[in-house]
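# Residue-level structure breakdown
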Amino acid sequence: MENDNFLRACWRKEAEYTPAWFMRQAGRYLESYRKVRTEHDILTICKTPELAAKVAVEAAEQLGVDAAILFADIMLPLEGMGVGFKIVEGVGPQIDNPIRSMEDVENIGQLDPRKHVPFVLDAIGLIKNQIGDRIPLIGFSGAPFTLASYIIEGGPSRDFIESKKMMYGQPAVWARLLTKLSEMVAEYLQAQIRAGVDAVQLFDSWSGCLSPSDYEEFVLPYSRTIFDKLEGKGVPRIHFGVGTAGILKMMRRAGGDVFGVDWRIPIDEAWALLGDVAIQGNLDPATLLGNPGLIESRAKEILVRIGGRPGHVFNLGHGVLPQTQPENLRNLVGFVHSSTTRKR
């Protein structure tokens with residue numbers, strides 16, 4: 001591969017420079033993506049391999065990043081399992097019939113990736129054909145807890161009351177649901193690996209709402225099942241969450257080769273908690289709405305805390321905000337590369 005710096009960093013090997021990529025890399029902040037969205041809704045893009053490949057590749061090329069990421073929605077495999085939903089602009093996923101009982105859980109089917117999400121696998125093939133050996137491609141899935149929170153709450157939530165009510169009040173229902181979801185996610189990510197992705201990321205975006213004891217009891221075993229099934233597949237496994245400073249040690253126990261951290265804990269402190277793994281993230285996405293001096297200053301602080309240690313992937317603590325100027329991201333990538341290039 002012409003640029004394998006991302007993969008080398010994921011395996012904690014020396015890289016030519018610190019690699020960078022961004023969550024929500026293809027998004028409304030890019031004019032090229034906005035043009036596609038004027039003609040197609042997000043699910044149409046996700047389910048049309050040519051469109052999904054187009055926006056994923058264009059974003060990577062325009063930003064000069066060290067990895068492309070599949071363009072998809074974490075809800076896609078649920079549809080094939082019988083969970084109906086729609087994406088509401090400005091709101092997010094809305095579930096047709098939220099899960100409330102064991103009967104509801106048992107009505108959820110099994111995922112057959114080639115049958116239920118062929119467009120995702122086809123998009124992977126197209127992206128790989130277009131980027132060739134220039135940079136790696138990252139695949140991903142939502143984690144069991146994050147997916148469960150959507151299908152129990154019925155949509156996005158701030159307090160996750162219905163989810164926690166099921167955890168505490170119907171533990172058998174919760175366990176059955178998370179077991180089904182963990183089996184689905186493992187199969188989905190393995191299918192992506194077979195289709196050609198070079199790394200996979202598990203998005204447990206909302207696990208930070210949990211206490212350490214709740215995470216350990218109600219989430220950790222199911223995430224660990226997924227990472228165990230991905231062991232030995234030859235691709236780095238990235239474990240990502242938001243607001244997770246208090247559960248990083250337990251996330252480490254759940255598994256992963258690379259851990260994404262947000263901006264609520266200094267990156268060197270997070271790394272000390274995680275131990276011998278690679279790390280990514282930490283820059284507040286809102287920083288990119290500031291002036292160039294501020295952006296460079298905050299990026300430099302992260303690089304100083306890392307101290308050139310192998311195993312660092314530069315990223316944000318969450319997805320790129322729609323208000324972000326693309327030039328700020330391009331300049332950030334250039335700054336990270338130039339500041340960390342190893343002398344030969």
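To start, this report covers the structure provided alongside it. (Residues numbered from 1 in each chain as written. Predicted model: local features only at pLDDT ≥ 70, side-chain atom pairs only at ≥ 80, totals over all residues. Heavy atoms only, no water.)

A few words now on the overall build of the protein. Scanning the protein from N- to C-terminus turns up 17 helices and nine strands. Relative to the compact-globule value of 20 Å for 344 residues, the protein shows a C-alpha radius of gyration of 19 Å, a close match. Counting only C-alpha atoms and orienting by the principal axes, one finds that the protein spans roughly 60 × 45 × 40 Å. Counting over 344 residues, the protein shows a buried share of 56%. Restricting to contacts in the protein with at least 6 residues of sequence separation, those with at least 24 account for 73%. Counting only carbon and sulfur atoms, one obtains 47% of the accessible surface of the protein, whose full area is about 13900 Å². Charge centroids of the protein, computed over 38 positive and 42 negative side chains, lie 3 Å from each other. (Helix = DSSP H or I, 4+ residues; strand = E, 2+ residues; numbered from the N terminus. Rg over C-alpha atoms; globule rule 2.2 N^0.38 Å. Buried < 20%, exposed > 50% of the residue type's maximum accessible area, 1.4 Å probe, protein only. Contact = heavy atoms within 4.5 Å. Areas by Shrake-Rupley, 256 points an atom, 1.4 Å probe, with all protein chains shown as cover. Lys, Arg positive; Asp, Glu negative; His and termini not counted. Charge placed at Lys NZ, Arg CZ, Asp CG, Glu CD.)

Moving on: helix α17 (residues 326-340). The end-to-end C-alpha distance of α17, which contains 15 residues, comes to 22 Å, matching closely the 21 Å that a straight helix rising 1.5 Å per residue would cover. Every buried residue of α17 is accounted for by Pro326, Asn328, Leu329, Leu332, Val333, Phe335, Val336, His337 and Thr340. Contacts made by the buried residues of α17 are with α4 (49-63), β8 (278-283), α16 (292-306) and β9 (312-316). (Expected span 1.5 Å × (residues − 1).)

In this section: the pairing of strand β3 (residues 92-95). Two strands pair when backbone bridges link them, and strand β2 (residues 85-88) and β3 are joined in this way by four bridges, in the antiparallel orientation. Note that in β3 the partner of phenylalanine 85 across the bridge is isoleucine 95. In this antiparallel pair of consecutive strands, β2 and β3, the connection spans three residues, and glycine 90 shows a positive phi of 80°. (Pairing = 2+ DSSP bridges.)

On to α16, then. For α16, which comprises 15 residues, the first-to-last C-alpha distance of 21 Å matches the rise-based estimate of 21 Å (1.5 Å per residue) to within 8%. Within α16, burial applies to Ile295, Ala299, Ile302, Leu303 and Ile306. An end-on view of α16 places all buried positions within 100° of arc, on one side of the element. α16 presents Lys300 and Val304 as exposed residues on the side facing more than 90 degrees away from its buried surface. Its buried side turned inward, α16 meets α15 (267-274), β8, β9 and α17. Of the residues flanking the start of α16, the one acting as N-cap is asparagine 291, its side-chain oxygen 3.0 Å from the backbone nitrogen of glycine 293. The first or second residue beyond α16 is glycine 307, which carries a positive phi of 70°. (Arc of directions from axis to C-beta. Polar contact = N/O pair within 3.5 Å; in protein donor to acceptor, adjacent residues only side chain to side chain.)

To continue, consider the packing of aromatic side chains. What characterises a pair of aromatic rings is the spacing of the ring centres plus the angle enclosed by the ring planes. Scanning all chains against the criterion turns up six aromatic pairs. Consider the rings of phenylalanine 145 and tryptophan 174, whose centres lie 6.0 Å apart with planes at 55°: the pair is tilted. In this pair, phenylalanine 145 sits in helix α9 (residues 144-153) while tryptophan 174 sits in helix α11 (residues 171-195), placing the two residues 29 residues apart along the sequence. Overall, phenylalanine 145 belongs to the buried group, its relative accessible area being 1%. Residue tryptophan 174 is classed as buried on the basis of its relative accessible area of 1%. Residues tyrosine 168 and phenylalanine 218 carry aromatic rings whose centres are separated by 6.1 Å and whose planes lie at 70° to one another, so their mutual orientation is edge-to-face. Pair noted here: tyrosine 168 is in helix α10 (residues 161-169) and phenylalanine 218 is in helix α12 (residues 212-218), with a separation of 50 residues, a long-range link. A relative accessible area of 48% places tyrosine 168 in the partly exposed class. On the basis of relative accessible area, phenylalanine 218 is assigned to the buried category, the value being 8%. Note that arginine 309 overlies the ring of tryptophan 271, its terminal NZ or CZ placed 3.8 Å from the centroid. (Phe/Tyr/Trp six-rings, centres within 6.5 Å; stacked < 30°, edge-to-face > 60°. Lys NZ or Arg CZ within 6 Å of the ring centre and 35° of its normal.)

On the basis of which strands lie adjacent, the open sheet formed by seven strands has the order β1-β4-β5-β6-β7-β8-β9 and parallel pairing. Taken across any chain shown, the strands that pair with only one partner, and hence form the sheet edges, are β1 (68-69) and β9. Relative to the sheet, α15 contacts β7 (258-261), β8 and β9, its axis offset from that of β8 by approximately 150°. (Axes fitted to C-alpha atoms, helices over the stretch in contact; angles between N-to-C directions.)

Side chains Val258 and Gly260 of β7 all project onto a buried face; the interleaved residues Phe259 and Val261 project onto the opposite face, where all are buried too. Here strand β6 (residues 237-241) pairs with β7 via three bridges, running parallel. Residue phenylalanine 240 lies in a different strand from β7, and its bridge partner there is glycine 260. Crossover connection from β6 via helix α14 (residues 248-254) to parallel β7: handedness right-handed. Taken together, the four bridges between β7 and β8 define a ladder with parallel strand orientation. Following the sheet pairing, valine 258 is matched in β8 by alanine 278. Regarding topology, α15 serves as the crossover connection from β7 to the parallel β8, and that connection is right-handed. (Right-handed = clockwise from strand over helix to strand, strands pointing away.)

On to the packing of α16 against α17, then. One can describe the packing of α16 onto α17 by two numbers: an axis separation of 10 Å at closest approach and a directional angle of 40°. The orientation of α16 relative to α17 falls into the category oblique. For the crossing formed where α16 meets α17, the hand is right-handed. Between α16 and α17, the contacting residues are Ile295, Glu296, Ala299, Lys300 and Leu303 on the first element and Asn328, Leu332, Phe335, Ser339 and Thr340 on the second. Among the residues forming the contact of α16 with α17, the class breakdown is five nonpolar, three polar and two charged. (Parallel < 35°, antiparallel > 145°, perpendicular 65-115°, else oblique. Left-handed = near helix turned anticlockwise from the far one by under 90°. Nonpolar A, V, L, I, M, F, W, Y, C, P; charged D, E, K, R; others polar.)

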